[in-house]
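Chains, contacts and geometry: an overview
Spelled out from the first residue to the last, the chains are:
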Amino acid sequence: MAESITLQKKARGERPQYFADPAIDKALSITLALAGEVAVLRDRIDTIERLAESGQSPTRAAVDAYVPDAGVRAARDAWRDSYLDTVLRIIHQEREELEQRAADTKPYAAVIDEVEAGG
Amino acid sequence: MQTNQDLSTQFRHGVLPQTTSDEFSRQEFVKSLKFHLASKVSLGNQNAFEARAKPAFTKATGGAPETYADIRRAMSDDPYYNFWSAMQRNSQEMMWKSVQIPVERQLPELIAKAGEASGAGTLRLDPEMEIPRYHRGVDIHCMPGGYHTEFTADDVANGAVYDSAVYIYAMGRMGPLNSDIGDTTIAWIKENHPDFKPRRILDMGCSVGHSTLSYCDAWPEAEIFAIDVGAPVLRYAHARAESMGKTVHFSQQNAEATDFEDGTFDLIVSHILVHETSNAAMRKIMRECNRLLTPGGLAVHAETPPYRDLPAYDAFMLDWDTRNNNEPYWGASHELVTADIAAECGFDPAKSFEAYQPSAFEATERRTKVFQGGDFGGGGAWWLWGVQK
């Protein structure tokens, strides 16, 4: 067994802080890493199902060695995109709200006034 | 065996790191996250600007934001922009981690394979070469260790890391060989200088040779030379080229001052090199191009568009990397004026040029057609600038 070599994991340079509380920066990083690991597990289940469907035994070795073809990769891309729609729901909700506001910057209070005035 | 015909995944040349199915899935997730951010989340920033940041800036300063720097100030406290930025930064860090895991696991084998590389090409390293300050200050684009750090003897780790990561970073839109910038530069040269037959070509800042190898096919009679400051990327580049049967002479040299003789090259190219140097270094590089070129020879540098060519909001979004992705020269390099640089560096400014060339690789359905941070290769064109001697 060759000696293991450890690579440098943090890039040199000050990391920007994006939120007032640095704990939020950390929590977001952990959340995104977990989202990634769920996607990895989902691919693993998908691999097991595909191996079983093709009559192969879904052993650990077979799963680890599985190489998805172009069709499987495209199907997984599509799954991940809708998965990210779900995970990032609150971001997409804000985006949609901002889109509406950008299109019509009229304050909501003005709409109430209009309705109350009988418009 | 995957063939070069599969355009939807990275080409498996002889030294590309292998991945287990989980490692590959982790990399694919990062690629999907980047594409999701670029195609579905990033556009909300413009709405945040129009609906929220712009009116607030105007109210506070008495005037609407006009320049990209104004827009940066206006957006600096915007919660949507900051959350997107934070996710974008994380996608970058997750990308490096996802490619480091398999490289770390198989590094001894990769080093052994690189050591066995043989063919008509050559590799010349210079352990005494001083790594430029602009590569030692911070790790550019957050790649831990940059192009030059060696973690063990005869190291190729960061060559392998960079090769795998660029495919994810560009979301496959630079093709199976990550060669789109080279292919696009070649297309421009052939369209604009149809009779040009370079005998010797130099690729400056070649890293692992993503663009370099395209020149072997474009001008098969030419001798191809390529330089970089990083030994790990050069060892890997040499092994990668040999595994694909391409003949390139790689050497570890700083493009500011090389050991080639005057008038050695008919064509000198660089691909996304300039923005990773400095204002002083890029001028030295252009003076070195002047020394190394034959009369009539061409220097062509490929980059993303200068800010003056973009609407202020787009320039602000393209400038994201300067402050969020360890690209300290990104912003200033996007302000360069070719004719001025040419004149300063001894060329005839009348023979300088700036051009846009559509991407050679077809990836229409995955291109956003905008130039923005975190969307590298999404614009569908490269900006080329340079000069004829």
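Residues numbered from 1 in each chain as written. Chains lettered and ligands numbered in written order. Predicted model: local features only at pLDDT ≥ 70, side-chain atom pairs only at ≥ 80, totals over all residues.

**What about the overall build of chain B?**
Each helix and strand in chain B was counted, giving 14 helices and eight strands. On C-alpha atoms alone, chain B measures out to a radius of gyration of 21 Å, which is about the 21 Å that the 2.2 N^0.38 rule sets for 389 residues. Taken along its principal axes, the extent of the C-alpha atoms in chain B is 65 × 55 × 40 Å. Every one of the 389 residues in chain B was classed for burial, and the buried ones make up 58%. (Helix = DSSP H or I, 4+ residues; strand = E, 2+ residues; numbered from the N terminus. Rg over C-alpha atoms; globule rule 2.2 N^0.38 Å. Buried ≥ 20, exposed ≤ 12 C-beta atoms within 10 Å, placed from the backbone.)

**Here's the deal with the overall build of chain A**
When helices and strands are counted, chain A shows five helices and zero strands. Helices and strands in chain A line up, N terminus first, as α-α-α-α-α. A compact globule built from 119 residues would reach a C-alpha radius of gyration of about 14 Å, whereas chain A, at 24 Å, exceeds it by more than 25%. Its C-alpha atoms put chain A at 80 × 45 × 20 Å along the principal axes. For chain A, with 119 residues in total, the buried portion stands at 13%.

**Regarding helix α9 (residues 231-243) of chain B**
Quick reminder: α-helices carry 3.6 residues per turn. Residues three or four places apart thus point the same way. Residue and element names in this part refer to chain B. With 13 residues, α9 extends 18 Å from end C-alpha to end C-alpha; this agrees with the ideal 18 Å at 1.5 Å per step. Along α9, twelve of the 13 residues are buried, which leaves the element largely enclosed by surrounding structure. Listed in full, the buried residues belonging to α9 are Ala231, Pro232, Val233, Leu234, Arg235, Tyr236, Ala237, His238, Ala239, Arg240, Ala241 and Glu242. (Expected span 1.5 Å × (residues − 1).)

**As for the interface of chain B and chain A**
How large an interface is tends to be reported as the accessible area lost when its parts come together. Contact with chain B, which involves 46 residues of that partner, is made by 42 residues of chain A. Listing elements by their share of the side of chain B that touches chain A, those giving two or more residues are α1 (21-41), α2 (44-61), α4 (79-116) and α12 (320-324) of chain B. Among the elements that make up the side of chain B that touches chain A, the one with the highest residue count is α4(B) (14 residues). Split into classes, the residues belonging to the side of chain B that touches chain A amount to 18 nonpolar, 18 polar and ten charged. (Contact = placed C-beta atoms within 7 Å. Nonpolar A, V, L, I, M, F, W, Y, C, P; charged D, E, K, R; others polar.)

**Remarks on the nonpolar core**
Residue and element names in this part refer to chain B. Within the largest apolar cluster, 123 residues are counted, with the highest numbers of intra-cluster contacts made by Val161, Ala165, Tyr236, Ala237 and Ile268. For this core, the leading source of residues is α4, giving 15 residues. Excluding anything up to four places from it in sequence, alanine 165 contacts Met95, Trp96 and Val99. (Core = buried A, V, L, I, M, F, W, Y, C linked by C-beta atoms within 7 Å.)

**A short note on the environment of Glu97(A)**
By the secondary structure assignment, Glu97(A) is in helix α4 (residues 89-103). Placed 33 residues apart in sequence, Glu97(A) and Asp64(A) show a C-alpha to C-alpha distance of 43 Å.

**As for unusual backbone geometry**
All names here are of chain B. At aspartate 154, a position not held by glycine, the phi torsion is positive, near 55°. With respect to the secondary-structure elements, aspartate 154 resides in the loop between α5 (133-136) and α6 (157-169). Given 13 C-beta atoms within a 10 Å radius, aspartate 154 is considered partly exposed. Phi at asparagine 326 is positive, roughly 50°, even though this residue is not glycine. Looking at the secondary structure, you find asparagine 326 in the loop between α12 and α13 (330-333).

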